[in-house]
Protein chains: 2
Amino acid sequence: MANYTNMELLRFLLFEVHPVQSLFKYERYSHLDAEQAWMIVESAKLLADQEMFPYLKEMDESPAQYDGKGAVLTHPQIKRIIQLAAEQSWIGGAAKFEHGGMQLPEMIFNAGQHIFQAANNSVQGYLGLSTGSADLITSFGSPEQIATYVPKIYQGEWQGTMALTEPQAGSSLSDILTSAKPVNNDYYLVKGQKIFISGGQHEGADNFVHLTLARIEGAPAGVKGISLFIVPKFRPEPDGTLVYNDVYCAGDFQKMGQKGYATTHLSFGDNDDCRGYLVGEPHQGLKYMFQMMNGARISVGQCAASVAMAAYQASLQYCKERPQGRVPSEKDPLKTPTLIIHHADVQRMLLTQKAITEGSLSLAMECNRLYDLVHATQGDEKATALLLLEILTPIVKTYASEQGSRSAALAIQTLGGYGFTTDFPVQQLYRDLKIMSLYEGTTGIQSLDLLGRKVTIQNGKALSLLLIQIQETITLSNQYEDLKLYGIKLNKDIQTFEKVLNHLLGYLQKSDPDRFLSDATVFMEMAGLIVIGWQWLKMALKAKELLQSVNPNKMTQDFYAGKIHTMEFYFKYELPHIDACANTLMNEKTLTNLKELDFF
Amino acid sequence: MANYTNMELLRFLLFEVHPVQSLFKYERYSHLDAEQAWMIVESAKLLADQEMFPYLKEMDESPAQYDGKGAVLTHPQIKRIIQLAAEQSWIGGAAKFEHGGMQLPEMIFNAGQHIFQAANNSVQGYLGLSTGSADLITSFGSPEQIATYVPKIYQGEWQGTMALTEPQAGSSLSDILTSAKPVNNDYYLVKGQKIFISGGQHEGADNFVHLTLARIEGAPAGVKGISLFIVPKFRPEPDGTLVYNDVYCAGDFQKMGQKGYATTHLSFGDNDDCRGYLVGEPHQGLKYMFQMMNGARISVGQCAASVAMAAYQASLQYCKERPQGRVPSEKDPLKTPTLIIHHADVQRMLLTQKAITEGSLSLAMECNRLYDLVHATQGDEKATALLLLEILTPIVKTYASEQGSRSAALAIQTLGGYGFTTDFPVQQLYRDLKIMSLYEGTTGIQSLDLLGRKVTIQNGKALSLLLIQIQETITLSNQYEDLKLYGIKLNKDIQTFEKVLNHLLGYLQKSDPDRFLSDATVFMEMAGLIVIGWQWLKMALKAKELLQSVNPNKMTQDFYAGKIHTMEFYFKYELPHIDACANTLMNEKTLTNLKELDFF
């Protein structure tokens, strides 16, 4: 079978770079040890090998499709995977024991999800949505709501979804119109249209639990008037029977990629009999939803890293097997052609992919670890982890999706014309990946979030904490002569970053928020480059330590040497673009904040 | 109807930036005037509006497909378009009168092709291949060969193709195995397999003229032993009848994009009855083929620019019509949402697309004009034009295809989730575009050609000539206070470029061609940035001149202002990446020229 991820890398990230075993001292995770944890991850690989990866192409060729009568037809394997994954705790595994989970750290749970995402990103979508929905209900729902919905979702019988987007509002949630009218202090009658609802009413589940944003009649305008409701497709009556709840799937969207994943249009309350059950307090819906949204953003970033990883693995395998051409110094046409991995430009393309995919996955693991610390700790430790998580969330989402697309394009490129044909998976992965920069807030939205909110919260505390973390890695790298230079380089880049940020904050001080934010996406690009540089220095440092402290065999030595080499590659080929971004951001000329647009 | 290109831009490029009318003084083009020339371009728009653009989506949804019996089924409109285009001289229009053409400048002919490429890139492929094949026969074939094949191709009855690639050789043409055995000094018996043959035996033409590379028995190894043959599907007998020539279409390739364009696998001589007719001298085939190949490379570059242009136009239209959200300084949720074109990040995405697509198209027109000078002039003037064309060919091909993909990704991004759905054309254009970095030599191959061949030919003469051209534009820009700064910036970048080149040439002097060429693709990126910077300065300069010299109406004023604005944008947002490339290229650490690859 073709590789779609690298288990040795995953083990290195989990146990060396972001040591999951250091979490086992916390009560929440004290039931685990490293061996167990790794066995759980390996079980995910087995499931993905047998049940997910073999269906990657089939699901692309037979897209999920609306049946014209209120449901979306999906590949039969999807129902099977949801059931198998549920049985093996890949929906509810990270939940607490009391909610039916295995209390797994997100690191372990999401290492499994990474394998699924790399094997078949369409099917993992269904699982991830259910996990997030159940978490949200657990966090903010009533005990009755939890008891009614969460077990069914974790058992894979009911599918959870996020119902946010409306046709007229798109990314602008403050403009949503779906309404909720209270009835007898008991429930609300919900009415409205939601689009782009992933995992919406399809064949693979018996019921759907739509976590729906709507406005209670008379609510304030804007985001302050949004409430969160549980709106099932079939509502459970007190006697346990299920009654159709007037949530109609009115159509679907056909897409250029991720075709196995149903994307639906839902119509709530066409017959005025759609009941929604308020979660938590009125008008707090967006705040609640952001718990799920933040998790989803990290998950999208990790998924982008995973899909790009699958493309990289396919590309690498091809380059090791395909003979073609000769290196420039070899002029004799009678010499046997070389394997293409010996061409310098092919090595450049492979190393670029390796730098992007492994760097992104490492950052996703950093986020998963912070999530675990938020769950397991209290007080300052928890607050620190939360702030770090908040600032890293838009970065991992954006770097992995934007650079992941570039990485998958290079995977196609290494295969030449074959890469463009449906005979190889790289073109599908390139198509699948493109959605990642749009899901859960586009790159533009993430960038506004980073610069406009995360960088400034608590007087810049999140950013300070992040820079402290990076400095710690730099300080540790100083002990190795050959890593020291890279630490110095990264430190210089951080100074550039801070200079640029101060420059931009100047616009805010001049009360010009529009200008402050107008190049937020370029600022994001810079932040991504730095944070991934940090991850690479961290990986190289750990590899260096292990090369010296243990006595690894040749294969493991090569693995560690590859980490140091790829770090050097990243610093040589990628990091210099920070200065280009800085140059743009320091340029005071305003070219994109225009009122007068007739020239377009 | 949706816009897919901008006729005002095309007119500006043709008559102002790269004045086609200055060609009319040469005998070859003396029959034309500007008004006629523009009418011809406008007729292409009419044809594309009526017969090409309306079928863009249909051809994506019903791909060209092998029938299992030796032919590829294509959309019925393809045959019709080939016939209509032939009638209106869009296959042979640039040929001399004596060969049945209209002796149009490439600039005018390819302005028409640009419109077709933007409207429906699959169908334009068939036309372009026929044009190139007939040109090649005209240049190097015997009078009999010309008389037999060229008129049929220009009449759209026979389809020309390029049959180069073989399964085992890919980009490495020195390894092709197709053989040709001479028979009675009359013809050759051809035997071999060719893959990725675009426009190969499909339903849209009655016969096929495959320009085929093969080795005559006993030929030297490598590229020096390759000859060029005309191999028709049906060979014309002296009495005018057509006899099946044992060229069998053995299958096709299904692709992620450009699905309307048949990509075939041809098998020559399965029954030992495939006759090939030698073109020109034996063993000179690759040299001849490069005439067609160079034309095809410029055409692929122009096609990439055109497809990205169509995506930009769709994106622009959406951004002008879609209301969503509010600018950061507007906090009142009761205010009507703004059109998204008012968001700074959307403006950034539109301007990036505008800079890439218009810049690339301008460079393609620069190349078309040089082609015309090669055709129309003699002596030094011709030699200069040819050298400039040679150095610009890999650059236009690569910049337009690589950056065009990035541009189309931004087109998707501006549409948000809608951009990923098949309801909008941007996702198709993104998929179609990906082939352009692979066609006719991948980006890696183009980069080796630029640095390894074009930069060094005649002691660097081609590059010197190019830099003189750029300097002329810089000097002219000095007369305008507000353009002067940009000229200075570009000049500084050229100095950086030269410094980097000297550094790289040092490896060559140290007899290390592998290291010299190992970062050729990064060098290409730098060259592309500079050359497009030059095109933008040229456009801005012309716009400035016209703003001052004529008295344009508001619309035209806006158009010219847009050129200056986009130049400024390009210089602020894109050009700084030159320094990043330079930084990488000046870094002496060798990270991609490795023999020891176990770490992958």
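Rules behind the numbers
Residues numbered from 1 in each chain as written. Chains lettered and ligands numbered in written order. Predicted model: local features only at pLDDT ≥ 70, side-chain atom pairs only at ≥ 80, totals over all residues. Least-squares fit on C-alpha atoms with pLDDT ≥ 70 in both. Contact = placed C-beta atoms within 7 Å. Domains from an automatic or database assignment. Helix = DSSP H or I, 4+ residues; strand = E, 2+ residues; numbered from the N terminus. Axes fitted to C-alpha atoms, helices over the stretch in contact; angles between N-to-C directions. Parallel < 35°, antiparallel > 145°, perpendicular 65-115°, else oblique. Left-handed = near helix turned anticlockwise from the far one by under 90°. Nonpolar A, V, L, I, M, F, W, Y, C, P; charged D, E, K, R; others polar.

Caption draft 1: Representation of the relation of the copies chain B and chain A within the structure. Each copy superposes on the other: chain B lies on chain A with an RMSD of 0.0 Å after a rotation of 180° and an axial shift of 0.0 Å. Here the two chains are linked by the operation of a two-fold rotation axis. Interface residue correspondence from chain B to chain A reaches 100%, placing this contact among same-surface, isologous pairings.

Caption draft 2: Focus on the domain arrangement of chain A. All names here are of chain A. Domain assignment breaks chain A into domain 1 (7-158), domain 2 (160-283) and domain 3 (448-589). The straight-line distance from the C-alpha centre of domain 1 to that of domain 2 is 23 Å. The interface of domain 1 with domain 2 comprises 35 residues on the first partner and 31 residues on the second. Element by element, the count of residues in the side of domain 1 that touches domain 2 is highest for helix α6 (residues 121-140), at 13 residues.

Caption draft 3: Up close: the interface of chain B and chain A. On the chain A side, the residues contacting the 79 residues of chain B number 79 residues. The element that contributes the greatest number of residues to the side of chain B that touches chain A is helix α17 (residues 554-573) of chain B, accounting for nine residues.

Caption draft 4: Representation of the packing of helix α16 (residues 520-549) of chain B against α17 of chain B in the model. Residue and element names in this part refer to chain B. Two elements in contact, α16 and α17, have axes separated by 9 Å at closest approach and are oriented at 150°. When the axes of α16 and α17 are compared, the pair comes out roughly antiparallel. The element α16 and its partner α17 pack so that their crossing is left-handed. On α17, the residues touching G533, W536, L537, M539, A540, A543, K544, L546 and L547 of α16 are Q557, Y560, K563, I564, T566, M567, Y570 and F571. Across the contact of α16 with α17, the residue classes tally to twelve nonpolar, three polar and two charged.

Caption draft 5: The arrangement of the packing of helix α8 (residues 285-321) of chain B against helix α11 (residues 426-433) of chain B in detail. Residues and elements named next belong to chain B. Running from amino to carboxyl end, α8 crosses α11 at an angle of 165°, the nearest separation of the two axes being 9 Å. As the angle between them shows, α8 and α11 are arranged roughly antiparallel. Note on packing geometry: the crossing formed by α8 with α11 is left-handed. Here A304, V307, A308, A310, A311, A314 and S315 of α8 come into contact with α11, specifically with V426, L429, Y430, D432 and L433. Partitioning the contact of α8 with α11 into residue classes produces ten nonpolar, one polar and one charged.

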